[in-house]
Amino acid sequence: MSLERRKTPYFGSVRFFKHLILATIALLIVVPIAVSVALAVQNAALRDSLEKLREEISQPASNQMSTQPVAQPAGTPQMEVEIPLWQESFPELYAQPAQRGSINEEKVIYLSFDDGPSARTPEILDVLDQYDVKATFFVVGKTDTQSRKWMKEIVERGHTIGIHSFSHDYETIYDSVEAYLADFNDMYQFIYEATGVQPQIFRLPGGSINSFNADSYQSILAEMLRRGFVYYDWNVAAGDAAVTKASSTRIVQNVLGNADSIRRAVVLMHDSVDKYNTVEALPSIIEGYLEKGFTFAALTPEVVPIVYTYPD
Ligand code: ZN
């Protein structure tokens, strides 16, 4: 019996199965590689567009935006990216890194004094020391030797010194972002020179939004936040501003009136030469809050800000 050498068909042959196995192995290797390459490309594109979006968000929206053309490589369509010029002024004027927003404790009172220093500053400091209370002073540009000493004392006695403004002139500082920045920088440098402290927090004269800055507050706040500075409005006011001339009893009532309904508070008070009533009211204010179980602290950039709600 002779074996007839028969020509076997390719399909179903050993060779066919060999090829099939090799093809399958090749697919198992090639397909995952192709898929991961495709995903990587897609991820990179997504990252790029997120990056772009983030940059856009960090640019303050403004109708007073200055524009500067950005050089494009030859052959690409002409595009103009808007970068406000004020971002380049005062290149050293940035806050130090901080864990912003990490302190949000309940039952804490942040007493704050605007417009100082003044002849009332040492009296306020004495009352605060008496109760071992730390507070915050948002100071203005008083350049005489005595005022510098008071500023230094604020710092040395453990309180926070913040920027209120150099000039406290609403019309000047709220005229433009550039004007605000120039005034802010003056005060920043002045406080640094007088106390050795680089202030990290600020309060805008009249609060963060007022009738003088309706057109400029968005750009001003965006720029200051971009530079890392933290600002605080208030949710309790002593009502001791110049025009009202409140009695010390009235001031105590103003400050303690809603003590039962507040979770935490930044209290606005004033430190200027005629504010005897504020100094007189201070012990009752501190005792009143202590009785209700509050503690006191100085503001730092870590404290969650209390700010106004803004119109849409
Ligand atoms: Zn003020």
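1. Description of the overall build of the chain
When you go through the chain residue by residue, the secondary structure sums to eight helices and eight strands. Across the 312 residues of the chain, 40% fall into the buried class. For the chain, restricting intrachain contacts to residue pairs at least 6 apart in sequence, the fraction spanning at least 24 positions comes to 79%. Within the structure as shown, the chain displays about 17600 Å² of accessible surface, and the carbon and sulfur contribution to it stands at 57%.

2. Observations regarding the side chain of T160
You can see T160 is positioned in strand β3 (residues 160-165). Setting aside its immediate chain neighbours within four residues, T160 contacts A135, T136, F137, I154, I201, A298 and L299.

3. Regarding the coordination of the zinc ion
Surrounding the zinc ion are the protein donor atoms D115 (OD), H164 (NE2) and H168 (NE2), which sit 2.1 to 2.2 Å from the metal. For the zinc ion, the donor residues sit on a single chain with the sequence spacing D-x48-H-x3-H. Under the relative-accessibility criterion, H164 is labelled buried at 2%. Residue classification places H168 among the partly exposed residues on the basis of a relative accessible area of 25%.

4. Some words on helix α2 (residues 121-130)
Turning to α2, its buried residues number three or more, namely T121, I124, L125, V127 and L128. Buried residues of α2, seen end-on, are gathered within an arc of 160 degrees and therefore sit on one face of the element. D132 sits one or two residues past α2 and shows a positive phi near 55 degrees.

5. Concerning the confidence of the model for the chain
It should be kept in mind that the predicted coordinates are not to be read in detail where pLDDT is low. Residues at a pLDDT of 70 or more form 80% of the chain, whose mean pLDDT is 87. Throughout residues 57-70 the model reports pLDDT below 50, and contacts reaching past four residues in sequence, or to other chains, amount to 32 contacts.

6. Section: the environment of S248
Considering the arrangement of structural elements, one finds S248 in helix α7 (residues 248-256). If we ignore the near neighbours within four places in the chain, the residues touching S248 are N277, E280 and A281.

7. A word on the environment of S272
Relative to the helices and strands, S272 is located in the loop between β7 (265-270) and α8 (276-291). You can call S272 buried: its relative accessible area is 16%. Measuring from C-alpha to C-alpha, the distance between S272 and R120 comes to 6.3 Å, with 152 residues separating the pair along the chain. When neighbours within four sequence positions are excluded, S272 is seen to be in contact with S118 and R120.

8. Some remarks on empty space enclosed by the protein
Inspection of every chain in the model, using the stated rule, returns one cavity of 30 Å³ or more. Here the largest cavity is characterised by a volume of approximately 70 Å³. What lines the largest cavity is D240, K245, A246, I251, D274, K275, Y276, N277 and T278. Broken down by element, the residue count for the lining of the largest cavity peaks at three residues, all from α8. Considered class by class, the residues forming the lining of the largest cavity number three nonpolar, two polar and four charged.

Quick notes on the rules
Note that residues are indexed from 1 along each chain, following the sequence as it is written. The predicted nature of this model means local features are confined to residues of pLDDT at least 70 and side-chain atom pairs, given and counted, to a pLDDT of 80 or more, with totals for whole chains, interfaces and linings taken over all residues. Computation of side-chain values covers all heavy atoms of the structure but excludes hydrogens and water. Helix numbers and strand numbers start at the N terminus; a helix is a DSSP run of H or I with at least 4 residues, a strand a run of E with at least 2. Type-normalised accessible area, obtained with a 1.4 Å probe on protein chains alone, sets the label of each residue: buried when under 20%, exposed when over 50%, and partly exposed for intermediate values. By definition, residues are in contact when any of their heavy atoms lie within 4.5 Å. For the accessible areas, the method is Shrake-Rupley and the probe is 1.4 Å, while residue cover comes only from the protein chains on display. Any N, O or S atom lying within 2.8 Å of the metal counts as a donor, and for Na, K and Ca the limit rises to 3.2 Å; water is left out, so some sites can look incomplete. Working definition: the arc comes from the directions between the helix axis and the C-beta atoms, pointing outward to the latter. Confidence per residue, as judged by the predictor, is encoded in pLDDT with a range of 0 to 100. Here a cavity denotes a set of grid points, spaced 1 Å apart and computed over the protein atoms alone, in which a 1.4 Å probe fits but from which it cannot get out, and a pocket denotes an open set meeting protein on both sides within 12 Å along at least five of seven lines; residues with an atom within 4 Å of a point are reported as lining. Grid points are joined across faces, edges and corners, and a volume is the space filled by probe spheres set on the points. Side-chain classes are defined by residue name, with Ala, Val, Leu, Ile, Met, Phe, Trp, Tyr, Cys and Pro counting as nonpolar, Asp, Glu, Lys and Arg as charged, and the others, Gly among them, as polar.

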